[in-house]
Amino acid sequence: MAPNNDDVAKDVAGLKISDKPEKPREGSAAVSAAGPEKGDRSISANHLGGDMWVVKPVPNAGNGAVALRKIARGERIMADVPLFVVPTTVNDVKTMQQIIALGLKKASKEQAREFLTLDNAHKVNGPLVGTASTNVHPMGGGGATEAGLFLAACRINHACVPNAQNKWRKDLGRMTVHAARDIAAGEEITLTYLPALFPWAERQTILKDHFGFKCACATCALPPGEKRDASDRRRKEINELDEKVGDGKRIVKNAEEMLHDAWRKLKLLREEGITDAWVSRAWHDAFQIAIANGDQARAKVFAERDYEATVACEGKDSPEAAQTMQWVKSPKAHPLYSGKLQWKQGVDKIPKDLSDEEFEKWLFRLPQEGLAN
Ligand SMILES: [Zn+2]
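This text gives an overview of the structure that appears in the document.

Reading the values: the criteria
Residues numbered from 1 in each chain as written. Predicted model: local features only at pLDDT ≥ 70, side-chain atom pairs only at ≥ 80, totals over all residues. Axes fitted to C-alpha atoms, helices over the stretch in contact; angles between N-to-C directions. Helix = DSSP H or I, 4+ residues; strand = E, 2+ residues; numbered from the N terminus. Parallel < 35°, antiparallel > 145°, perpendicular 65-115°, else oblique. Left-handed = near helix turned anticlockwise from the far one by under 90°. Contact = placed C-beta atoms within 7 Å. Nonpolar A, V, L, I, M, F, W, Y, C, P; charged D, E, K, R; others polar. Buried ≥ 20, exposed ≤ 12 C-beta atoms within 10 Å, placed from the backbone. Pairing = 2+ DSSP bridges.

1. Details of the packing of helix H7 (residues 255-272) against helix H8 (residues 277-292)
Here's step 1: At a minimum axis separation of 10 Å, H7 and H8 run at an interaxial angle of 165 degrees. Taken together, H7 and H8 sit at an angle that is classed as roughly antiparallel. Seen along the crossing, H7 lies across H8 with a hand that is left-handed. For the pair H7 and H8, contact is made by Ala255, Met258, Leu259, Ala262, Lys265, Leu266 and Leu269 and by Trp278, Val279, Ala282, Asp285, Ala286 and Ile289, respectively.
Here's step 2: Here the residues of the contact of H7 with H8 are counted per class, giving 11 nonpolar, no polar and two charged.

2. A word on the environment of Gly273
Here's step 1: Assignment of secondary structure puts Gly273 in the loop between H7 and H8.
Here's step 2: Each C-alpha atom, one on Gly273 and one on Arg181, is 9.7 Å from the other, the two residues being 92 residues apart in sequence.

3. A few points about the pairing of strand S11 (residues 174-179)
Here's step 1: Burial runs high along S11: five of the six residues are buried.
Here's step 2: In this sheet, S11 lies alongside strand S10 (residues 164-169) in antiparallel orientation, the contact comprising six bridges. Each bridged residue has a counterpart across the sheet, and for Asn166 the counterpart in S11 is Val177.
Here's step 3: Connecting the antiparallel pair S10 and S11 is a turn made up of four residues, with Gly173 showing a positive phi of about 70 degrees.

Any link to function would need more than the numbers given here.
Written out as structure tokens, the structure is:
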């Protein structure tokens, strides 16, 4: 099926191409409706995952990508080249058909056949455009002008708390997918197709409207009532905190409060079980708050954590990881750094003898008694 987390689908020429938001995630496109015939379809994709994963029927969602062995957090699950690329700006079905037909002509017979076995949630647009729009992933973030059909990545189903993260690696010309947490043998590999952490009701509507399926992931399967409400509340608050932490006007004036917001956002992400690109984004926010106020010690620690999270979701070879490593080595090289500001201190001020709990209090400038909740 389809792609991931950064994006609310937008209708382009009848194509559902998700449009990922600037930051956390790389989006994916489309999702297929789980038709009853899916489980019966011959599975032609079993060469794709090597000894790591296989395409097979999964509960409630037709076929999915299932781990054949334990996949450790940070392991690269795939690095997929596009079968064909479509511009996201084309707005008529006929042109799109021609682009796809040309792409398939260049592909091998097996690949073209495999493409035609994929789900089509938009049958009204015909087999080529419908299947493409159900399965393409945007190549890049919010403003992506192209989307690609990735035969391996499009096998990965959506979950509202996914265990993997995709990323279009322009430098490699490949869509990578990494394990965002440890994935057990036999567990389905998942990505999110959504650009934000919507509450349950909104998720159901968006997934149905844009991708044509009803989500039955573990989070959506929480019974109505206490547990579902708690998840909805966390998601709402994470989004609010994300806005607040992104407000540059507060970064010096309300620095301490903003750092506490970053702490709380990370805490809520942990509680919700989210381990994908949201986490590196949150560490990067904290890094920016520290360095904009002259605190190289905290900035270095935040950059280290951002680096760890970025490498896990994108690989050690990612340009973003290399950039983050620059801030680890020299936080003050960041353009937001000013040595004149209120928290000015050098990297030598990272405390060495604190317990983990004391260190976290120091890191986020929490009061000794902690913060409420
Ligand atoms: Zn769900």
